Amino acid sequence: MMGFLRGISVTALAVAVVISIAVMPALAAGEAPHLNGAGLGVFWAIPFAGLLLSIAIMPLAAPDVWHHHYGKISAGWALLFLLPCLIGFGALTTSYELMHTVILEYVPFLILLFALFTVAGGVLIKGNLHGSPALNTSFLAIGTVIASVVGTTGAAMLLIRPLIRANDNRIHVAHVIVFFIFLVANIGGSLTPLGDPPLFLGFLKGVSFFWPTRFMLAPMLLVAVILLAVFYALDWYLFHVDENYPPKPDPTPDSRLRIEGWLNIALLGAIIAAVLLSGVWKPGISVTINHVEIELQNVVRDLLLLAIAWVSWHFTQREIREGNGFTWGPIAEVAKLFAGIFITIIPAIAILKAGTSGALAPLVRLVTDSQGQPINAMYFWLAGGLSSFLDNAPTYLVFFNLAGGNAEQLMGPLATTLLAISAGAVFMGANTYIGNAPNFMVKAIAEERGVKMPSFFGYMLWSGAILIPCFVLVTLVLFR
């Protein structure tokens, strides 16, 4: 655990320096001095675009530099936004935006991922089965189902290592991980607020807990069944192609499966309970620091999650984590890169929130017809398209508010609009490695275990060829 903390020190130090400069004079009362997106040009999104391009290009163009310095690169892009913001808009605005993002969004996001990563890494599915097309397809189907219960991150961290072990004697493996990201790390989390962060934000905004179960079930099944069928056909073909190669030694021969680390199964339930607690317990107690309101239920949730992670780390046998090949590398990489993403995304989200008054007004006008009625197909594709590159949770909130922000109305007469926003944010997070946090974690774990994964753009070729036709079908069936 100390290794993980050291791993994020570079980014944390850069953020702390800016906070220390900006926050001291920013304790004045009055309205929060936020960025006005209507007054921001698109050039403010350059650091965000630069970070995305760095993630996409540098692992290929300069792998050694990227591997050793990606944290510094992420921090550098974050500072490229923060320092001009500090000069142009002052300490009050900069400190508010930074603290709001770090305290209310990034820290809870990272704590939840950290808890799920730690606990799931303490469950060892021991033994091994042969990675046949039938087994792999069954594995993906099971992961898709449980993702709505333990979250996409929990399901991904629980199942990715056993799936890699099952296929570690095969020549072609990358496609298995790609479909795992499609189904388990994204689309499977469609049915409850626990499954994916956008749906949890909707729950906190007043959308009932089982609304996604009722309305998202049909589109989720449609896409999942198609993807499982396509995967089985592709895996069957590549399985037989592998037979033309010299046999590859199996480092984990087939043996009976058994589960170790049952304590962590219970702790996964405790994580679910802690997250639910913050949604249903509203004591009305909060503290405000620099206009940022920190509510008691959220503090309690985060402390409980950290306590659960501590229990898992200290009471799980070391042999279990060693059997999983557990290291802090993947979560440290996510922590560093998403720190930069959450910070550089601030002006992009502000511009979107400005609606028709912002620099992205042409995009906003696309979701409303001449009679002022929502164009649900455009909500689906815009929410999804932006969720492919921006974080899907704040993107969901932007379109939720753009559609009126009234949960009762959105669950009633505008239910199809809410469905379009929800499906776009959840499904299309699978379009890129950065669309949803588990995507990058799965990629990092797979590469750590020797799987040669597609590049950033290579992965997008997979998603473009396989997912986009599915989303076109969803549009024709539900949103035309």
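Here is what the cut-offs are and how they apply
- Residues numbered from 1 in each chain as written.
- Predicted model: local features only at pLDDT ≥ 70, side-chain atom pairs only at ≥ 80, totals over all residues.
- Heavy atoms only, no water.
- Helix = DSSP H or I, 4+ residues; strand = E, 2+ residues; numbered from the N terminus.
- Buried < 20%, exposed > 50% of the residue type's maximum accessible area, 1.4 Å probe, protein only.
- Contact = heavy atoms within 4.5 Å.
- Lys, Arg positive; Asp, Glu negative; His and termini not counted.
- Charge placed at Lys NZ, Arg CZ, Asp CG, Glu CD.
- Phe/Tyr/Trp six-rings, centres within 6.5 Å; stacked < 30°, edge-to-face > 60°.
- Lys NZ or Arg CZ within 6 Å of the ring centre and 35° of its normal.
- Salt bridge = Lys/Arg side-chain N within 4 Å of Asp/Glu carboxyl O.
- pLDDT = per-residue confidence, 0-100.
- Pairing = 2+ DSSP bridges.
- Expected span 1.5 Å × (residues − 1).
- Bend = angle between axes of the 7 residues up to and from the residue.
- Axes fitted to C-alpha atoms, helices over the stretch in contact; angles between N-to-C directions.
- Parallel < 35°, antiparallel > 145°, perpendicular 65-115°, else oblique.
- Left-handed = near helix turned anticlockwise from the far one by under 90°.
- Nonpolar A, V, L, I, M, F, W, Y, C, P; charged D, E, K, R; others polar.
- Core = buried A, V, L, I, M, F, W, Y, C linked by side-chain atoms within 4.5 Å.
- Patch = residues over 30% accessible without salt bridge, like charges linked within 9 Å, V, L, I, M, F, W, Y side chains within 5 Å.
- Areas by Shrake-Rupley, 256 points an atom, 1.4 Å probe, with all protein chains shown as cover.
- 1 Å grid on protein atoms, 1.4 Å probe; cavity = no way out; pocket = protein on both sides within 12 Å on 5 of 7 lines; lining within 4 Å.
- Points joined across faces, edges and corners; volume = space filled by probe spheres on them.

### Digging into the overall build of the protein chain
Move 1: Helix and strand content of the protein chain: 19 helices and four strands.
Move 2: A principal-axis box enclosing the C-alpha atoms of the protein chain has dimensions of 70 × 50 × 45 Å.
Move 3: Residue burial in the protein chain is summarised as follows: out of 480 residues, 55% are buried.
Move 4: Within the protein chain, counting contacts between residues at least 6 apart in sequence, those at least 24 apart form 82% of the total.
Move 5: Once the 22 positive and 23 negative side-chain charges of the protein chain are each reduced to a mean point, those two points are 2 Å apart.

### Remarks on the packing of aromatic side chains
Move 1: On inspection of all chains with the given rule, the structure shows 30 aromatic pairs.
Move 2: Centre to centre, the rings of Phe 200 and Phe 203 are 6.1 Å apart; their planes meet at 40 degrees, and the pair counts as tilted. Here the residue Phe 200 and the residue Phe 203 both occupy positions in helix H7 (residues 197-204), the gap between them amounting to three residues, near one helical turn.
Move 3: Residue Phe 200 is classed as buried on the basis of its relative accessible area, which comes to 12%.
Move 4: Here the aromatic rings of Tyr 379 and Phe 399 are separated by 6.2 Å at their centres, their planes lie at 80 degrees, and the arrangement is edge-to-face. Taken as a pair, Tyr 379 in helix H14 (residues 376-387) and Phe 399 in helix H15 (residues 392-402) lie far apart in primary sequence, 20 residues in all. Here the two residues Tyr 379 and Phe 399 agree in accessibility, since each one is buried.
Move 5: Linked through ring pairs, Phe 179, Phe 182, Phe 231, Tyr 433, Phe 440 and Tyr 459 together constitute an aromatic cluster.
Move 6: For the cation-ring pair, Arg 321 lies above Phe 326, with the distance from its terminal atom to the ring centre recorded as 4.8 Å.
Move 7: In this arrangement the basic side chain of Lys 443 is found over the ring face of Tyr 433, its NZ or CZ atom lying 5.3 Å from the centre.

### Topic: helix H6 (residues 174-183)
Move 1: Of all ten residues making up H6, ten are buried, and the element is well covered by its neighbours.
Move 2: Listed in full, the buried residues belonging to H6 are Ala 174, His 175, Val 176, Ile 177, Val 178, Phe 179, Phe 180, Ile 181, Phe 182 and Leu 183.
Move 3: Contacts from the buried residues of H6 go to helix H5 (133-166), helix H8 (211-242), helix H18 (437-448) and helix H19 (456-479).

### So, the pattern of salt bridges
Move 1: Under the criterion given, the structure shown has five salt bridges.
Move 2: Here Arg 170 makes a salt bridge to Asp 235, at a shortest N to O gap of 3.0 Å. Residue Arg 170 is found in the loop between H5 and H6, and its partner Asp 235 is found in helix H8; the two are separated by 65 residues along the sequence. The residues Arg 170 and Asp 235 share a single accessibility class, namely buried.
Move 3: For the salt bridge of Glu 260 with Arg 258, the shortest nitrogen-to-oxygen distance reads 3.9 Å.

### Some details on the confidence of the model for the protein chain
Detailed reading of predicted coordinates is not advised where the pLDDT is low.
Move 1: Predicted confidence across the protein chain gives a mean pLDDT of 85, with 91% of residues reaching 70 or more.
Move 2: Taken together, the stretch residues 4-14 has pLDDT below 50 and engages in 18 contacts with residues farther than four places along the chain or on a different chain.
Move 3: Within the model, the stretch residues 20-24 combines pLDDT values under 50 with seven contacts to residues more than four positions away or in other chains.

### Description of the pairing of strand E4 (residues 292-295)
Note on strand geometry: in a regular strand, side chains alternate between the two faces of the sheet.
Move 1: Only one face of E4 is covered, namely the face carrying Val 292 and Ile 294; the face carrying Glu 293 and Glu 295 is uncovered.
Move 2: The pairing of strand E3 (residues 286-289) with E4 spans four bridges and is antiparallel. By the bridge assignment, Ser 286 is partnered in E4 with Glu 295.
Move 3: What sits between the antiparallel neighbours E3 and E4 is a turn of two residues, in which Asn 290 has the positive phi angle 55 degrees.

### Points about H8
Move 1: Here H8 contains 32 residues, and its C-alpha end-to-end distance of 44 Å stays within 8% of the 46 Å for a straight helix at 1.5 Å per residue.
Move 2: Along H8, the largest kink reaches about 50 degrees and is centred on Leu 217; proline Pro 219 follows within four residues of it.

### Observations concerning the packing of helix H4 (residues 63-120) against H5
Move 1: The N-to-C vectors of H4 and H5 enclose an angle of 30 degrees; their axes lie 9 Å apart at closest approach. Taken together, H4 and H5 sit at an angle that is classed as roughly parallel. Here the hand of the crossing between H4 and H5 comes out right-handed. Counted together, Leu 113, Leu 116, Phe 117 and Ala 120 of H4 and Val 150, Thr 153, Gly 154, Met 157, Leu 158 and Arg 161 of H5 form the full contact between these two elements.
Move 2: Class assignment for the residues of the contact of H4 with H5 results in seven nonpolar, two polar and one charged.

### Some remarks on the environment of Leu 40
Move 1: Within the fold, Leu 40 resides in the loop between helix H2 (9-22) and helix H3 (46-61).
Move 2: Taking C-alpha positions, Leu 40 is 7.3 Å from Gly 358, a pair spaced 318 residues apart along the chain.
Move 3: Discounting residues that sit within four places of it in the chain, Leu 40 has contacts with Leu 35, Phe 89, Pro 347, Ala 350, Ile 351 and Ala 359.

### Points about the packing of helix H17 (residues 415-427) against H19
Move 1: Look at H17 against H19: their axes get within 12 Å of each other, and the N-to-C directions meet at 170 degrees. Judged on the interaxial angle alone, H19 and H17 are roughly antiparallel. Contacts from Thr 416, Leu 419, Ala 420 and Phe 427 in H17 reach Phe 471, Leu 478 and Phe 479 in H19.

### Digging into the nonpolar core
Buried together is how nonpolar side chains tend to be arranged in soluble globular proteins.
Move 1: Grouped together as the largest cluster of nonpolar side chains are 118 residues, with contacts concentrated most on Ile 55, Leu 140, Phe 180, Phe 182, Leu 227, Phe 399 and Phe 427.
Move 2: In this structure, Trp 44, Phe 81, Leu 98 and Ile 343 belong to the second largest nonpolar core, which totals 13 residues.

### Re a nonpolar patch on the surface
Move 1: A surface patch of nonpolar side chains, about 380 Å² in accessible area, is lined by Val 472, Leu 473, Leu 476, Val 477 and Leu 478.
Move 2: In this fold, Leu 473 is placed in helix H19.
Move 3: A relative accessible area of 32% places Leu 473 in the partly exposed class.

### What about the layout of surface pockets?
Move 1: Considering only enclosed or pocket space, the second largest pocket measures out at about 630 Å³ in volume.
Move 2: Along the walls of the second largest pocket sit 23 residues, with Pro 59, Trp 66, Glu 333, Lys 443 and Glu 447 positioned nearest its centre.
Move 3: For the lining of the second largest pocket, the elements supplying multiple residues, two or more each, are H3, H4, helix H12 (329-353) and H18.
Move 4: Residue classes in the lining of the second largest pocket are distributed as 14 nonpolar, four polar and five charged.

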